[in-house]
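Examining the three-dimensional arrangement
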Amino acid sequence: MKKIARDWVAVSKVVVLPLLLLPLCMLLAAGLGNQLGPDPAKALVDQTGLWAMRLLLLCLAMTPLRHITRRNFWGRYRRMLGLFALLYALVHVCSYVFLLFGAHWSELLAELTKRPYVIAGSAALLLMLPLGFTSTRSWQRRLRYRWVQLHRLIYPLSLLVLLHFFWVKKLGIQSVWPYALTLFCLLGVRLWWFFRQSAGLV
Ligand code: HEM
């Protein structure tokens, strides 16, 4: 039964991978076709930022799904979702650096020092990079229990992304709250498990 589940998951990844790439392909096609509106660079920064956030939340949802459904296969999508969140975040930042700022480094440095949302975004990206880099099996074997500790960085970095998003939007909570609510639920359920575990209730 386990073997079929493993193969089934491997087969499903062949389908899931192009699905995760689809938004990026559609954005790039729209960009090349001049269909990203009056400010295509900003639209690309916004949309890739949103997809990076959505994939981060989806990655965080796999463990609760595994617990709730008592099916381990959900855990096998975490690496793929995490790496795609990093891919979209990198395209997001490259669009910002090269399209919005035309790689004017002195201006970028000024932005980095004066805009809190850029500081929060940069800190989140700096925490995402080592997680992506160490997502392979060989790093998991090499780091062992420290790998689990290192990958807990996904919690503070997802809060940093939410803060970045909140500060960017300046519109307050309107457009951010669905993401905030989802993140707080995904972190809240982990806190609840942690306290139940430390109280010896599970
Ligand atoms: C060096 C790091 C980063 C920089 C410089 C940066 C820059 C930006 C900028 C300039 C915007 C606003 C564009 C606008 O609407 O005016 C933005 C929005 C956003 N960013 Fe980032 N970002 C960074 C990292 C990240 C990371 C790592 C994530 C997620 C994993 C992320 C997710 C978002 C989201 C969700 C938005 C809101 C998009 C929207 O409102 O439609 N950013 N970012």
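Here, the structure is the one placed above.
Keep in mind that this is a model prediction, so the values were computed, not measured. (Residues numbered from 1 in each chain as written. Predicted model: local features only at pLDDT ≥ 70, side-chain atom pairs only at ≥ 80, totals over all residues. Heavy atoms only, no water.)

Structural notes on helix H9 (residues 177–198)
This is how it is decided: Helix and strand definitions here come from DSSP, where helices need a minimum of 4 consecutive H or I residues and strands a minimum of 2 consecutive E residues; each element is numbered from the N-terminal end. What a helix is expected to span follows from its residue count: subtract one and scale by 1.5 Å. Summary of the burial criterion: residues with accessible area below 20% of their type's maximum are buried, those above 50% are exposed, and those between are partly exposed, where the area comes from a 1.4 Å probe applied to protein chains only. By arc we mean the arc of the directions from the helix axis to the C-beta atoms, nothing more.
The end-to-end C-alpha distance of H9, which contains 22 residues, comes to 31 Å, matching closely the 32 Å that a straight helix rising 1.5 Å per residue would cover. Among all positions of H9, only Tyr179, Ala180, Leu183, Leu186, Leu187, Arg190 and Trp193 are buried. Seen along its axis, H9 keeps its buried residues to an arc of 170°; they face one direction. Among the exposed residues of H9, those pointing more than 90 degrees away from its buried face are Cys185, Trp192 and Phe195. After H9 finishes, the residue Gly200 shows a positive phi value of roughly 70°.

With respect to the packing of aromatic side chains
Each aromatic ring pair is characterised by the separation of its centres together with the angle its planes make. Here is the rule: Each Phe, Tyr or Trp ring (for Trp, its six-membered ring) is paired with any other whose centre lies within 6.5 Å, and the angle between the two planes then decides the class: stacked below 30 degrees, edge-to-face above 60, tilted in between. Think of it as a cone above the ring: NZ of Lys or CZ of Arg counts as a charge over the ring if it is within 6 Å of the ring centre and within 35 degrees of the ring normal.
As enumerated under the stated definition, the model contains 7 aromatic pairs in all. Between Tyr96 and Phe101 the ring centres are 5.1 Å apart and the planes differ by 55°, which places this aromatic pair in the tilted class. In this structure, Tyr96 and Phe101 share a single accessibility class: buried. With a centroid separation of 5.3 Å and an interplanar angle of 70°, the aromatic rings of Phe165 and Tyr179 are classed as edge-to-face. Of the two residues, Phe165 is situated in helix H8 (residues 154–169) and Tyr179 in helix H9; the sequence distance between them amounts to 14 residues. The exposure classification of Phe165 matches that of Tyr179, with both residues buried. An aromatic cluster of at least three residues, connected via ring pairs, comprises Trp8, Phe73 and Trp74. The ring of Tyr145 is capped by Arg146, whose NZ or CZ atom sits 5.7 Å from the centre of that ring. Of note, Arg196 hangs over the ring of Trp192, and the distance from its end group to the ring centre comes to 4.9 Å.

Describing the coordination of the iron atom of the ligand
Selection criterion: Because no water is among the atoms considered, metal sites can look incomplete, with donors defined as N, O and S atoms within 2.8 Å of the metal, or 3.2 Å for Na, K and Ca. A four-donor site is called tetrahedral if each angle lies between 85 and 135 degrees; a four-donor site is square planar, and a six-donor site octahedral, when trans pairs exceed 155 degrees and the remaining angles lie between 65 and 115; all other cases are labelled irregular.
Within the protein, His92 (NE2) and His164 (NE2) serve as the donor atoms for the iron atom of the ligand, at 2.0 Å. Because the angles between the 6 donor atoms bound to the iron atom of the ligand fall within 88 to 180°, the donor set is best described as octahedral. Remark: His164 occurs in helix H8 and His92 occurs in helix H3 (residues 78–100); sequence separation between them is 72 residues. Across this residue pair, the class does not change: His92 and His164 are buried.

Section: the pattern of salt bridges
Test applied: Salt bridge, as applied in this entry: a Lys or Arg side-chain nitrogen positioned within 4 Å of an Asp or Glu carboxyl oxygen.
A complete count under the given rule lists 3 salt bridges for this structure. Lys114 is paired through a salt bridge with Glu111; the nearest N and O atoms lie 3.9 Å apart. Separated by 3 residues within a single helix, Lys114 and Glu111 lie in helix H4 (residues 105–114), roughly one turn from each other. When its relative accessible area of 8% is taken as the criterion, Glu111 is described as buried. Notably, a salt bridge pairs Arg115 with Glu111, separated by 2.8 Å at the nearest N-O pair. In this structure Arg115 comes out as partly exposed when scored by relative accessible area, which is 32%. One network of salt bridges, in which partners are shared, links Glu111, Lys114 and Arg115.

Examining a nonpolar patch on the surface
Using the following cut-off: Here the term patch refers to residues with relative accessible area over 30% and no salt bridge, with like charges joined within 9 Å and nonpolar side chains (Val, Leu, Ile, Met, Phe, Trp, Tyr) within 5 Å. Computed by Shrake-Rupley with a 1.4 Å probe, the accessible areas treat only the displayed protein chains as cover when residues are assessed.
Where nonpolar side chains cluster on the molecular surface, the patch consists of Val14, Val15, Leu19, Leu22 and Met26 and spans about 500 Å² of accessible area. Position of Met26 relative to the elements: it lies in helix H1 (residues 2–32). A relative accessible area of 53% places Met26 in the exposed class.

By themselves, these figures tell us nothing about what the structure is for.
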